[in-house]
Amino acid sequence: MDRLICGDVGFGKTEIAIRAAFKAATDGKQTAILVPTTILALQHYQTFTSRLENFPVSIDYISRHKKPAQQKEIIRKLKTGELDIIIGTHKLAGKEIEFRDLGLLIIDEEQRFGVAVKEKLKSMRTNVDTLTLTATPIPRTLQFSLMGARDLSIINTPPPNRMPIMTELHGFNEEIIKEGIEYELNRNGQVFFIHNRVDNIGGIKLMINRILPGVKATVVHGQMEGRLIENIMFDFVNGDYDVLIATTIIESGLDIPNANTIFINNAQHFGLSELHQLRGRVGRSNKKAFCYLLAPPLQLITQEARRRLRAIEEFSELGSGFNIAMQDLDIRGSGNLLGAEQSGFIADVGFETYQRILDEAMLELKTEAGTGTSPAVKDEEDRGEPREHVYTNDCQIDTDLEIMFPDDYVPNISERIRLYKELNSMESDGQLLDFERRMTDRFGKLPAPAIELLNLVKLRRLACRMAVEKIVIRNKVMVLYFVADKGSLFYKSNTFMQLIQSVNTDKRRFRVKQTESRLIISVQNIANIQEAINIFSSVLETPPVN
């Protein structure tokens, strides 16, 4: 997967991230969540922890504010697989970070990261699924999606009772600032004031204290000590301060429903996505929100800055993030997509197809070199078991049979999820046998649906040995979809010859269909998973015809 989720600020992108990370964790894979700021890392950690506290999922976060000893312990847990979900800033791209089995990479607010950081994380594993979340994708990412090189999903539905943010462009005017703050405080709200220069940010606080003596204002920026930043933000969330004067450190993901007015000073210096993200810090409740863009007269700023300010003022409706991103693409251009030149055939075939062709080619090269074996096979070799060729990495199984741990067999839902997760990671028959013994010892004799579940794991391993990419078992008929690549070594192997021999021996039970893309074989009278295993076993054990 390489999917871009484009949803406006506050539309629920974090909810998608939580569910995706939970799904990956239950499947035995680790999830890395890359966020741009330490504040957002802490907030995501609190959100994920509270949502998943009743499930056997271990979560932690890493940033520069963690003590070296804490960071070292987190890195150790990642390497050993003790951590399922790790949330972090650029620290996650460090050389010392190693994952035991990274399966999902979630990039939050991807416009804040360079390509080098994202590619470095992807290179940790060739088969890492990537989920990119943003309200305003950068032009390069958007162009990739529009040309079909990556999947794109757009969240269009706003949360209930959400109202558009009133956006106004003004010069720096103390009277407007005073009126805006007073209006917000009179309805018991709070105010953001964005000033992205640390050297004179204190002057803004003095100005607000001068025009509004009774207002409690505080300053936060990235050069402050981490614990102090957390304390100030915590106090602001609790309503101890009326005005938070900050740099763009608060740009990404921060959720403070009581703050519904924002001033952005020197707005002409910000990019379109930055302005939209900053505006999204307000209007996250059912109150009407206001965004004041403070900039010099339009005739004194560049033409591109004028276009950006007009675009952000024009697109203030709910769900306008995608339109803003399209404007950004129009203003800035898409940039070079692949290296220095936009060359090659990737645009013709699509990124996913290109990646699949590459993976299959690599697998065949390894097989030819005598190393094309799965971890399970390596495990068997270590224990002296016979070596077997694997022609596909995984097999999807779709069935209408009852396959599960019944509620009355394992009553606790958290324990069931943990067992499913453990079972999914089984890579050899020896591990399965040991798992079955432990289950019988703990819960008693396995019921039929649980036995079928264990058999399903065996079936999937056998399917990979026979180059079957998908199995459908419905109405006592099993349909096998073989690897689509006609150049696969499977079609030159003894296993393929054994398969054809078995089909010819029992033509009443086997039906063969050759489409343009792949070989499909259906098998009659398959009442359960064990019978499907018997079919595979009989084919694999049949001596080839000379």
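Here's a quick rundown of the structure.

Conventions and cut-offs
- Residues numbered from 1 in each chain as written.
- Predicted model: local features only at pLDDT ≥ 70, side-chain atom pairs only at ≥ 80, totals over all residues.
- Heavy atoms only, no water.
- Salt bridge = Lys/Arg side-chain N within 4 Å of Asp/Glu carboxyl O.
- Helix = DSSP H or I, 4+ residues; strand = E, 2+ residues; numbered from the N terminus.
- Buried < 20%, exposed > 50% of the residue type's maximum accessible area, 1.4 Å probe, protein only.
- Pairing = 2+ DSSP bridges.
- Axes fitted to C-alpha atoms, helices over the stretch in contact; angles between N-to-C directions.
- Contact = heavy atoms within 4.5 Å.
- Parallel < 35°, antiparallel > 145°, perpendicular 65-115°, else oblique.
- Left-handed = near helix turned anticlockwise from the far one by under 90°.
- Nonpolar A, V, L, I, M, F, W, Y, C, P; charged D, E, K, R; others polar.

Side note on the pattern of salt bridges
Link 1 in the chain: By the definition in use, this model includes 21 salt bridges.
Link 2 in the chain: With a closest N to O distance of 2.5 Å, Glu15 and Arg51 form a salt bridge. Of the two residues, Glu15 sits in helix α1 (residues 13–26) while Arg51 sits in helix α2 (residues 38–51), which places them 36 residues apart along the sequence.
Link 3 in the chain: Its relative accessible area of 26% is what places Glu15 among the partly exposed residues.
Link 4 in the chain: On the basis of relative accessible area, Arg51 is assigned to the partly exposed category, the value being 39%.
Link 5 in the chain: The salt bridge partner of Arg416 is Asp407, with a shortest N-O separation of 3.4 Å.

Focus: unusual backbone geometry
Link 1 in the chain: One non-glycine residue, Asn475, adopts positive backbone phi at about 50°.
Link 2 in the chain: Structurally, Asn475 can be placed in the loop between β15 (468–474) and β16 (477–482).
Link 3 in the chain: Owing to a relative accessible area of 68%, Asn475 belongs among the exposed residues under this scheme.

Focus on the sheet that holds strand β2 (residues 30–34)
Think of a sheet as strands paired side by side through backbone hydrogen bonds, with each pair either parallel or antiparallel.
Link 1 in the chain: Taken together, seven strands build an open sheet; the order of strands is β3-β4-β2-β5-β6-β1-β7 and the sheet is parallel. Two strands in the sheet have a free side with no partner beyond their single neighbour: β3 (59–62) and β7 (151–155). Geometrically, the sheet is characterised by an average inter-axis angle of 20° between neighbouring strands, direction not taken into account.
Link 2 in the chain: Both strand β5 (residues 102–108) and strand β6 (residues 129–134) contribute to a ladder of five bridges, which runs parallel. Pairing of Ile106 across the sheet is with Leu131, part of β6.
Link 3 in the chain: Relative to the sheet, α2 contacts β2, β3, β4 (85–88) and β5, its axis offset from that of β3 by approximately 180°.

Re the packing of helix α15 (residues 413–424) against helix α17 (residues 448–465)
Between two packed helices, the angle of one axis relative to the other and the distance separating the axes together describe the packing.
Link 1 in the chain: Direction vectors running N to C along α15 and α17 enclose 25°, while the axes themselves pass 11 Å from each other. Classified by the interaxial angle, the pair formed by α15 and α17 is roughly parallel. The handedness of the crossing between α15 and α17 is right-handed. Each of Tyr420, Leu423 and Asn424 in α15 lies in contact with α17, whose residues at this interface are Leu453, Leu454, Val457 and Arg460.
Link 2 in the chain: Here the residues of the contact of α15 with α17 sort into five nonpolar, one polar and one charged.

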